[in-house]
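Next come the chains, spelled out residue by residue.
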There are 2 protein chains.
Amino acid sequence: MSRFPLYQGVESVLAGNIADGSLPPETQLPSEDGLVQRFKVSRTTVRKAIQNLVERGLVEVRRGKGTFVTQPKITQELTELTGFVEDMQALGRTPTARLHDKRIVAADESVAHHLALEPGTLVVRIQRVRLADGVAMSFDETYLPRDLGEKVVGDDLEAEPVFALLEDKYGTPLVEAEYQLEAAAADPVTAHALQVLAGSPIFLIERTSYTTGNRPVDYERLHYRGDLIRFVTRLARRAKASMRR
Amino acid sequence: MSRFPLYQGVESVLAGNIADGSLPPETQLPSEDGLVQRFKVSRTTVRKAIQNLVERGLVEVRRGKGTFVTQPKITQELTELTGFVEDMQALGRTPTARLHDKRIVAADESVAHHLALEPGTLVVRIQRVRLADGVAMSFDETYLPRDLGEKVVGDDLEAEPVFALLEDKYGTPLVEAEYQLEAAAADPVTAHALQVLAGSPIFLIERTSYTTGNRPVDYERLHYRGDLIRFVTRLARRAKASMRR
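Owing to the predicted nature of the structure, the values given are computational and were not obtained by experimental measurement.

**Things to note about helix 1 (residues 6-19) of chain A**
Here is step 1: Spanning 14 residues, helix 1 of chain A covers 20 Å between terminal C-alpha atoms, matching the ideal 20 Å at 1.5 Å per step.
Here is step 2: At the C-terminal side of helix 1 of chain A, G21 of chain A shows a positive phi close to 85 degrees.

**Considerations on the interface of chain A and chain B**
Here is step 1: Taken residue by residue, the interface counts 43 residues in chain A and 43 residues in chain B.
Here is step 2: A per-residue breakdown of the area chain A buries against chain B is headed by R234, L235 and R237 of chain A, which together make up 22% of the total.
Here is step 3: Linking chain A with chain B are 14 salt bridges.
Here is step 4: One salt bridge in this structure joins R234 of chain A and E178 of chain B, with 2.6 Å as the shortest N-O distance.
Here is step 5: Our count for the chain A to chain B interface comes out at 26 residue pairs in polar contact (both at pLDDT 80 or more).
Here is step 6: For the side of chain A that touches chain B, the leading source of residues is strand 7 (residues 176-185) of chain A, giving 10 residues.
Here is step 7: For the side of chain A that touches chain B, the per-class residue count stands at 20 nonpolar, seven polar and 16 charged.

**Some details on the packing of aromatic side chains**
Here is step 1: In total, this model carries seven aromatic pairs over all chains according to the counting rule given.
Here is step 2: Relative to F231 of chain A, the ring of F203 of chain A has its centre 5.0 Å away and its plane inclined at 90 degrees; by these criteria the two rings are edge-to-face. Taken together, the positions of F203 of chain A in strand 8 (residues 201-211) and F231 of chain A in strand 10 (residues 229-236) put the pair 28 residues apart, joining distant regions of the chain.
Here is step 3: Using a relative accessible area of 2% as the deciding quantity, one classes F231 of chain A as buried.
Here is step 4: The interplanar angle of 80 degrees and the centroid separation of 5.6 Å between the aromatic rings of Y224 of chain B and F231 of chain B together place this pair among those described as edge-to-face.
Here is step 5: Note on Y224 of chain B: relative accessible area 4%, which makes it buried.
Here is step 6: In this structure, K48 of chain A packs its charged tip against the face of Y7 of chain A, placed 5.4 Å from the ring centre.
Here is step 7: Its end group placed over the ring of F68 of chain B, R62 of chain B keeps NZ or CZ at 4.4 Å from the ring centre.

**Looking at the side chain of R237 of chain A**
Here is step 1: Take R237 of chain A: it is sitting in the loop between strand 10 and helix 9 (240-244).
Here is step 2: At a separation of 2.8 Å, a polar atom in the side chain of R237 of chain A contacts the side chain of E167 of chain B.

**Considerations on the domain arrangement of chain A**
Here is step 1: By domain assignment, chain A separates into domain 1 (6-69) and domain 2 (74-232).
Here is step 2: Put simply, the middle of domain 1 of chain A and the middle of domain 2 of chain A, counted by C-alpha atoms, are 37 Å apart.

**Considering the environment of T172 of chain B**
Residues and elements named next belong to chain B.
Here is step 1: Relative to the helices and strands, T172 resides in the loop between helix 7 (162-169) and strand 7 (174-185).
Here is step 2: Take T172: its relative accessible area is 5%, and that puts it in the buried class.
Here is step 3: When the C-alpha atoms of T172 and V217 are compared, they prove to be 8.3 Å apart, with 45 residues separating the residues in sequence.

**Looking at the pattern of salt bridges**
Pairs can form between side chains of opposite charge once their charged atoms are near each other.
Residue and element names in this part refer to chain A.
Here is step 1: Tallied over the full model, the rule gives 42 salt bridges over all chains.
Here is step 2: One salt bridge connects E32 with R43, and the closest N-O pair in it is separated by 3.0 Å. Note that E32 is positioned in helix 2 (residues 32-39) and R43 in helix 3 (residues 43-55), a separation of 11 residues in sequence.
Here is step 3: Of the residues examined, R43 reaches a relative accessible area of 36% and is grouped as partly exposed.

**Focus: the relation of the copies chain A and chain B**
Here is step 1: Between chain A and chain B, the superposition needs a rotation of 180 degrees and an axial shift of 0.2 Å, giving an RMSD of 0.3 Å. With respect to symmetry, the two chain copies, as superposed, fit the operation of a two-fold axis. The C-alpha atom lying nearest the rotation axis in chain A is that of A183 of chain A; the distance is 2.5 Å.
Here is step 2: Taken as a fraction of all interface residues of chain A, those also at the interface in chain B reach 100%, which identifies the copy contact as same-surface.

**Quick look at unusual backbone geometry**
All names here are of chain A.
Here is step 1: The backbone of E26 shows a phi angle near 80 degrees, a positive value even though the residue is not glycine.
Here is step 2: Among the secondary structure elements, E26 is positioned in the loop between helix 1 and helix 2.
Here is step 3: With phi around 55 degrees, Q195 is a residue other than glycine that occupies positive phi space.
Here is step 4: Within the fold, Q195 resides in the loop between helix 8 (188-194) and strand 8.
Here is step 5: The exposure class of Q195 is exposed, given its relative accessible area of 64%.

What counts as what
- Residues numbered from 1 in each chain as written.
- Chains lettered and ligands numbered in written order.
- Predicted model: local features only at pLDDT ≥ 70, side-chain atom pairs only at ≥ 80, totals over all residues.
- Heavy atoms only, no water.
- Helix = DSSP H or I, 4+ residues; strand = E, 2+ residues; numbered from the N terminus.
- Expected span 1.5 Å × (residues − 1).
- Contact = heavy atoms within 4.5 Å.
- Buried area = accessible area lost by both parts, 1.4 Å probe.
- Salt bridge = Lys/Arg side-chain N within 4 Å of Asp/Glu carboxyl O.
- Polar contact = N/O pair within 3.5 Å; in protein donor to acceptor, adjacent residues only side chain to side chain.
- Nonpolar A, V, L, I, M, F, W, Y, C, P; charged D, E, K, R; others polar.
- Phe/Tyr/Trp six-rings, centres within 6.5 Å; stacked < 30°, edge-to-face > 60°.
- Buried < 20%, exposed > 50% of the residue type's maximum accessible area, 1.4 Å probe, protein only.
- Lys NZ or Arg CZ within 6 Å of the ring centre and 35° of its normal.
- Domains from an automatic or database assignment.
- Least-squares fit on C-alpha atoms with pLDDT ≥ 70 in both.

Spelled out as structure tokens, the structure:
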């Protein structure tokens, strides 16, 4: 006799299949009927096992479609200024990029503010989809001052990271960046670029990178798929005396 | 003759009304017809003015309902370990709390992992809605080890911040915390607690706070309304030599 409830057996076999890659991400699980037959257990047992896999984040139920193995989330540190290529390489993923558009546009209020320009000043906008192991992770809009941007758009933006171009080719070292993080719903443009449904959860990160002399040289709007990434950091408590004053 | 396009006049009058509080957050703007009559301009001019206000984030169009003044987002620094009451006080907001539930529960895998306990260990769970100036900002689930939690639940959790209780009353100084940030869609429980639609954008922050000796004493799941808050931080670029190695 088993010492464990039957559903735990079903759950651990399926979790094992997911862990060893025999059920890869995006695979559909067999139907309830199929699992009842395979494991010779009741429908209630199968449902309890599936429910636990959902709670563990290993599978997800898509209404009217079935149960699918989820993409595991990437855990990315938010502790220093790094670009997408550096981030993915540090995680052992292969980064690629698809260029959607590059053009000169008039800076709107927000772009102008972040690049310390007057609204309406011409700037270069680069739109790319960034992929990790072939999966679209982020839709990035990069705004550069016109002088720098016109150099950068001459390079192969599917192969060369903008940070590397700025630092290594155009003598513009990056010193630090301001980050602003929002949780949002994907607008139609972002949804199309990332191939998710409009309204899907999105991390919107606005990042302004500064070179020496506290001069902003790169303002980005990064739209990360909320279901594929989490950010982690570690923060210290302020010394008590100063905190209470 | 005006030196500016007509829509700029309409836009700046409405933006002024929003700024001075005569059109407070959540107020519905008059209809297009109403604005046409009030400003004696064309419908095209009104539409252009509204479009600019949308782009500035001052109003939002709710399909089938009309155009409404938005709640301005709170900008909160993510630079040191602070609690909700400290955060809101630093921003000049009045924090309050509504206690939803406090009880002893068995730690699931995640709670147990973060508090360095065995799964199934009994812990104390506190569920609260946190408000700023009377607006529900966050639905918080706080998990405490049972010994500490059983003391804390005897206090007035609508009036006393848990961080203050731990530090000032129960001799448990906080040293630092691990943060994990996700962009998610509100599940039905969170949506109900925050009075938003299920599926609305949510910042899910999991925070584990450590006391001396690197001992985890407080694991929280904070569900912030994505439309009401943004987090900001500033990160430095790593020195180049170490980065490329």
